[in-house]
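Architecture at a glance
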Amino acid sequence: MHAFDVLGDPVRRRILEMLAEGEQTSGAVTAVIRAEFGITQPAVSQHLRVLRDNGFATVRPDGARRLYAVDHTALRQVDEWLAPFRRFWTPHLSAMATEVARGKRLRRLGEGVGTTDARSAR
């Protein structure tokens, strides 16, 4: 299965978001996914299996529990695939960062001007 086929499913994306926060038990993942998507425990288990089988998640036993975590292998492959396309958004993000910095500077200067004006009005 291609990485984007795996990531194309909203349930699997949500599971990855949860795992990005840290290791999760299968029970914790199931509880959240069932509440948010209304799917059964076997369906959640199938999504976890797809993530494991395609290199997006790992599982390790901890007594009777199973702990899932993000596996960076497939995510690195996605990142490599996206590399040629970064040129389409990187300049826009740089320009946005410049504008944010300019806005902060103008606010900072504006606050100084307002304070000076208020003192000289006394």
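In the annotation of an unreviewed UniProt entry, the protein is listed under the name ArsR/SmtB family transcription factor and assigned to Actinoplanes subglobosus.

Thoughts on a nonpolar patch on the surface
A cluster of nonpolar residues, Phe-4, Trp-81, Phe-85 and Phe-88, forms a patch on the protein surface that exposes about 400 Å² of accessible area. Along the chain, Trp-81 falls in helix α5 (residues 72-82).

Brief notes about the pattern of salt bridges
For the structure shown, the criterion picks out seven salt bridges. A salt bridge links Arg-65 to Asp-62; the shortest N-O distance between them is 2.6 Å. Look at Arg-65 and you get partly exposed, because its relative accessible area is 43%. A salt bridge links Arg-102 to Glu-99; the shortest N-O distance between them is 2.4 Å. Placement of both Arg-102 and Glu-99 in helix α6 (residues 90-120) is noted, with a separation of three residues, approximately one turn of the helix.

Side note on the sheet that holds strand β2 (residues 57-62)
Spatially, β1-β3-β2 is the arrangement adopted by the three strands of the open sheet, whose pairing is antiparallel. Taken across any chain shown, the strands that pair with only one partner, and hence form the sheet edges, are β1 (24-25) and β2. Note that β2 and strand β3 (residues 65-70) share six bridges and pair antiparallel. Counted as the bridge partner of Arg-60 is Leu-67 from β3.

Considering the packing of aromatic side chains
Summed over the entire model, instances satisfying the criterion amount to two aromatic pairs. Aromatic side chains Phe-4 and Trp-81 sit 5.0 Å apart centroid to centroid with 65° between the ring planes, which places their arrangement in the edge-to-face category. Note that Phe-4 is positioned in helix α1 (residues 3-7) and Trp-81 in helix α5, a separation of 77 residues in sequence. Residue Phe-4 is classed as partly exposed on the basis of its relative accessible area of 33%.

Details of the nonpolar core
In terms of nonpolar packing, the biggest core is built from 19 residues, with Ile-15, Leu-19, Val-29, Ile-33, Leu-48, Leu-51 and Phe-56 touching the most fellow members. Sorting the residues of this core by element identifies α1, α2 (10-20), α3 (26-37), α4 (41-53) and α5 as the ones contributing at least two each. Setting aside its immediate chain neighbours within four residues, Leu-48 contacts Ile-15, Ser-26, Val-29 and Tyr-68.

A few points about the environment of Gln-77
Its place among the elements puts Gln-77 in helix α5. Spatially, the C-alpha atom of Gln-77 lies 8.1 Å from that of Ala-3, the residues being 74 residues apart in sequence.

Here we look at the environment of Pro-10
Checked against the element boundaries, Pro-10 lands in helix α2. Residue class for Pro-10 comes out partly exposed when judged on its relative accessible area of 42%. Considered as a pair, Pro-10 and Phe-37 are 27 residues apart in the sequence and their alpha carbons are 9.3 Å apart.

Parameters at a glance
Residues numbered from 1 in each chain as written. Predicted model: local features only at pLDDT ≥ 70, side-chain atom pairs only at ≥ 80, totals over all residues. Heavy atoms only, no water. Patch = residues over 30% accessible without salt bridge, like charges linked within 9 Å, V, L, I, M, F, W, Y side chains within 5 Å. Areas by Shrake-Rupley, 256 points an atom, 1.4 Å probe, with all protein chains shown as cover. Salt bridge = Lys/Arg side-chain N within 4 Å of Asp/Glu carboxyl O. Helix = DSSP H or I, 4+ residues; strand = E, 2+ residues; numbered from the N terminus. Buried < 20%, exposed > 50% of the residue type's maximum accessible area, 1.4 Å probe, protein only. Pairing = 2+ DSSP bridges. Phe/Tyr/Trp six-rings, centres within 6.5 Å; stacked < 30°, edge-to-face > 60°. Core = buried A, V, L, I, M, F, W, Y, C linked by side-chain atoms within 4.5 Å. Contact = heavy atoms within 4.5 Å.

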